Amino acid sequence: MTYDLTNGNITKNLLKFALPLMVGNLLQQFYNIADTWVVGRFLGADALAAVGSSYTLMVFLTSVLLGLCMGSGAFFSIQFGKKDFDRLKNGFFLSFLFIGAITVILNILVFLTMDGILLFMRVPREILPLMEEYLFYVFWGIFATFLYNYFANLLRAVGDSVTPLIFLAVCAVLNIILDLLFVLVFRWGVKGAAVATMLSQYVSGIGIFIYYYIRFSDLRVKKEHMHWNRAILKEISEFSLLTCAQQSVMNLGILMVQGLVNSFGTAVMAAFAASVKIDSFAYMPVQDFGNAFSTFIAQNYGAGKKERIRSGIRSAMFVSVIFSIFAGVLVCLSAPFLLRFFIDASRTDIIGIGTGYLRIEGSFYFGIGLLFLFYGYFRAVQRPGISVILTVISLGTRVILAYVLSAIPFIGVTGIWVSIPVGWILADITGFVLMKRKPQII
């Protein structure tokens, strides 16, 4: 099913379009949550720390591809709103070659620089072999990540948010089955968890490409669309590279924080690994609502419907804040129970550290919920550079405060947790001010 978001009830259509996105990315979290659960419960704290730290690195690497694909998706949405399908198809051809080439280069680079990356992350010596083994196999899934995210963003741009959900649902289940098979039956250790994730990613990536080719024949690129168009490539590049920069800066900051967390030892690493999974799972729906909101804005921006954009902003902010508060309350109340899902109940030290993290972050989820809306808005109205500015403010604050506060003895690791919501709120204030500076757009 596809949605034309330029017509109909705004809140109802936004939620109907966003719901599959939310469910889909929650399922995508199962790729690494399955790894974390199996590894944490059956392979021990060292393996959990290795897989958790690897997850932060992989999020950074895949954010490069996700940013490029999201930027292209904004271009596709605008052309869909304008009903300019020839320009959309030519852009599809050029962006696929452009992002595909970057993916291949990135994949080669991460294999060549793995030792340097692990040194930068300050990985403790006792878990270094486990992390190297896990990353070696997970890195082979980078191209699959590109395939899935590229075609998922293309389909979402034209209003189909259900198909990506279906493929993720199948592959999340497959990932869990393969995790249990490779780790518990074959006894492959962290290698088994990595191979399970990598194979599942290829199923989703290749599967969604085949579906697009068969189901969306009207969007197939024909010979007449396979030509060089400097203006279109420039427009796509501006969208994609700036969105990529925004995503990469965000996750580079997280990676730097991960390095600081690693310096506090294995117990803090394990607590952070489990807590980040819960944290991501809790606010993932508002992130995906922000992506749905971006598609809504882009389609209406292409169609020139400014009043509809203004109404959509008010509706989206209300929905995002209400959901964020609800999710935050649930996480704060159930933090110790949720952590015991990943960590043995006897490790009260790890559970205590993780509970402190989750209660601080959960109290301020509304901050990141609004920030995702600002990211989506500026990307959709052809101002992706603003999203980069907001990310630099959010992550720059987080990194600087984390290093300063954690160095104070009576604050310690709590300083890292506090720095995160402070960055969100400062970026929100900046986003609101910059949105109001160009009222002719809205």
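Everything quoted here is computed from the prediction, not taken from an experiment.

A.B. asks: Would you explain the nonpolar core in this entry?
C.D. replies: Nonpolar side chains in soluble globular proteins tend to end up buried together. In this structure, Phe139, Ile297 and Tyr377 are the most contacted members of the largest nonpolar core, which totals 131 residues. Top element by residues in this core is helix α2 (residues 45-82). It accounts for 19 residues. Not counting residues up to four positions away in its chain, the partners in contact with phenylalanine 139 are Leu57, Met58, Leu61, Asn107, Val110, Phe111 and Met114.

A.B. asks: Looking at this structure, I do not really get a nonpolar patch on the surface. What am I missing?
C.D. replies: A cluster of nonpolar side chains, namely Ile325, Val329, Leu333, Phe364, Phe366, Val418, Val422, Ile425, Leu426, Ile429, Phe432 and Val433, defines an oily patch on the protein surface of about 980 Å² accessible area. Going through the elements one at a time, α11 (306-340) and α15 (414-436) are the ones with two or more residues in the nonpolar patch. Relative to the helices and strands, leucine 426 is located in helix α15. Of the residues examined, leucine 426 reaches a relative accessible area of 39% and is grouped as partly exposed.

A.B. asks: Looking at this structure, I do not really get empty space enclosed by the protein. What am I missing?
C.D. replies: The gaps left among the atoms become clear once a water-sized probe is rolled over them. Enumeration according to the criterion identifies 2 cavities of 30 Å³ or more in this entry. The calculated volume of the second largest cavity comes to roughly 60 Å³. Put simply, the parts of the chain that give the lining of the second largest cavity at least two residues each are α10 (266-303) and α13 (365-380). Per-element accounting of the lining of the second largest cavity gives the leading share, 3 residues, to α13. A class-by-class count of the residues in the lining of the second largest cavity yields 3 nonpolar, 3 polar and 1 charged.

A.B. asks: I would appreciate a short explanation of the environment of phenylalanine 111 in the present structure.
C.D. replies: Tracing the chain through its elements places phenylalanine 111 in helix α3 (residues 85-112). By relative accessible area, which is 25% here, phenylalanine 111 ends up partly exposed. Through-space distance from the C-alpha of phenylalanine 111 to that of arginine 347 is 35 Å; in sequence the pair is 236 residues apart. Phenylalanine 111 has contacts with Phe136, Phe139 and Trp140, leaving out every residue within four places of it along the chain.

A.B. asks: Looking at this structure, I do not really get unusual backbone geometry. What am I missing?
C.D. replies: Residues apart from glycine generally show negative phi values, whereas peptide bonds are mostly found in trans. Within the chain, lysine 83 stands out as a residue other than glycine whose phi angle is a positive 65°. Here lysine 83 lies in the loop between α2 and α3. Given a relative accessible area of 42%, lysine 83 falls into the partly exposed group. Phi angles above zero are rare outside glycine, and arginine 187 is one such case at about 60°. With respect to the helices and strands, the residue arginine 187 is situated in the loop between α7 (162-185) and α8 (190-215).

A.B. asks: Can you help me understand the packing of aromatic side chains in this one?
C.D. replies: Where two aromatic rings form a pair, the distance of their centres and the angle of their planes describe that pair. Under the definition given, this model contains 36 aromatic pairs. Taking 5.3 Å as the distance between ring centres and 75° as the angle between the ring planes, the aromatic pair formed by phenylalanine 96 and tyrosine 150 counts as edge-to-face. One end of the pair, phenylalanine 96, is in helix α3; the other, tyrosine 150, is in helix α6 (residues 142-157), and 54 residues separate them in sequence. Classification of tyrosine 150 as buried rests on a relative accessible area of 1%. Ring geometry for phenylalanine 111 against phenylalanine 136: centres 5.8 Å apart, planes inclined by 70°, an arrangement best described as edge-to-face. In this pair, phenylalanine 111 is assigned in helix α3 and phenylalanine 136 in helix α5 (residues 128-138), connecting sequence segments 25 residues apart. Here a set of aromatic residues connected by ring pairs shows up, and it is made of Phe75, Phe76, Phe92, Phe96, Phe143, Phe146, Tyr150, Phe151, Phe209, Tyr212 and Tyr213. Stacked on the ring of phenylalanine 80, the Lys or Arg lysine 83 has its end atom at 4.3 Å from the ring centre. A cation sits over an aromatic face here: lysine 191 above tryptophan 188, 4.9 Å from the ring centre.

A.B. asks: What should I look at first to understand the state of the cysteines in this one?
C.D. replies: Defined simply, a disulfide is a covalent bond joining two cysteines at their sulfur atoms. In this structure the tally under the stated criterion is 0 disulfides. The cysteine cysteine 171 is free of any disulfide, with cysteine 69 supplying the nearest cysteine sulfur at 17 Å.

A.B. asks: In this structure, what is going on with the environment of phenylalanine 85? I would like to understand it.
C.D. replies: With respect to the element layout, phenylalanine 85 can be found in helix α3. In this structure phenylalanine 85 comes out as partly exposed when scored by relative accessible area, which is 34%. Along the sequence, phenylalanine 85 and methionine 256 sit 171 residues apart, while their C-alpha atoms lie 42 Å from each other.

A.B. asks: I tried to follow the layout of surface pockets on my own but got confused; where do I start?
C.D. replies: What the second largest pocket holds in volume is close to 160 Å³. Around the second largest pocket, the lining residues are Phe92, Phe93, Phe96, Phe151, Phe209, Tyr212, Tyr213, Arg220, Val221 and Met226. Considered class by class, the residues forming the lining of the second largest pocket number 9 nonpolar, no polar and 1 charged.

A.B. asks: Even after reading the chapter, I still don't get the pattern of salt bridges, so can you show me in this structure?
C.D. replies: Pairs can form between side chains of opposite charge once their charged atoms are near each other. Within this structure, the stated rule accounts for 3 salt bridges. With a shortest N-O distance of 2.9 Å, arginine 87 and glutamate 235 are connected by a salt bridge. You can see arginine 87 sitting in helix α3 and its partner glutamate 235 sitting in helix α9 (residues 230-262), a full 148 residues away along the chain. Here arginine 87 falls in the partly exposed class, since its relative accessible area comes to 24%. For glutamate 235, a relative accessible area of 15% corresponds to the buried category.

A.B. asks: Explain α7 to me, please; I cannot follow it from the model alone.
C.D. replies: Helix length check: α7, at 24 residues, gives a terminal C-alpha distance of 34 Å against a target of 34 Å (1.5 Å per residue), a fit within 8%. Every buried residue of α7 is accounted for by Thr163, Pro164, Leu165, Phe167, Leu168, Cys171, Ala172, Asn175, Leu178, Asp179, Phe182 and Val183. Arginine 187 sits one or two positions beyond α7 and adopts a positive phi of about 60°.

What counts, and at which threshold
Residues numbered from 1 in each chain as written. Predicted model: local features only at pLDDT ≥ 70, side-chain atom pairs only at ≥ 80, totals over all residues. Heavy atoms only, no water. Core = buried A, V, L, I, M, F, W, Y, C linked by side-chain atoms within 4.5 Å. Buried < 20%, exposed > 50% of the residue type's maximum accessible area, 1.4 Å probe, protein only. Helix = DSSP H or I, 4+ residues; strand = E, 2+ residues; numbered from the N terminus. Contact = heavy atoms within 4.5 Å. Patch = residues over 30% accessible without salt bridge, like charges linked within 9 Å, V, L, I, M, F, W, Y side chains within 5 Å. Areas by Shrake-Rupley, 256 points an atom, 1.4 Å probe, with all protein chains shown as cover. Salt bridge = Lys/Arg side-chain N within 4 Å of Asp/Glu carboxyl O. 1 Å grid on protein atoms, 1.4 Å probe; cavity = no way out; pocket = protein on both sides within 12 Å on 5 of 7 lines; lining within 4 Å. Points joined across faces, edges and corners; volume = space filled by probe spheres on them. Nonpolar A, V, L, I, M, F, W, Y, C, P; charged D, E, K, R; others polar. Phe/Tyr/Trp six-rings, centres within 6.5 Å; stacked < 30°, edge-to-face > 60°. Lys NZ or Arg CZ within 6 Å of the ring centre and 35° of its normal. Disulfide = S-S within 2.5 Å. Expected span 1.5 Å × (residues − 1).

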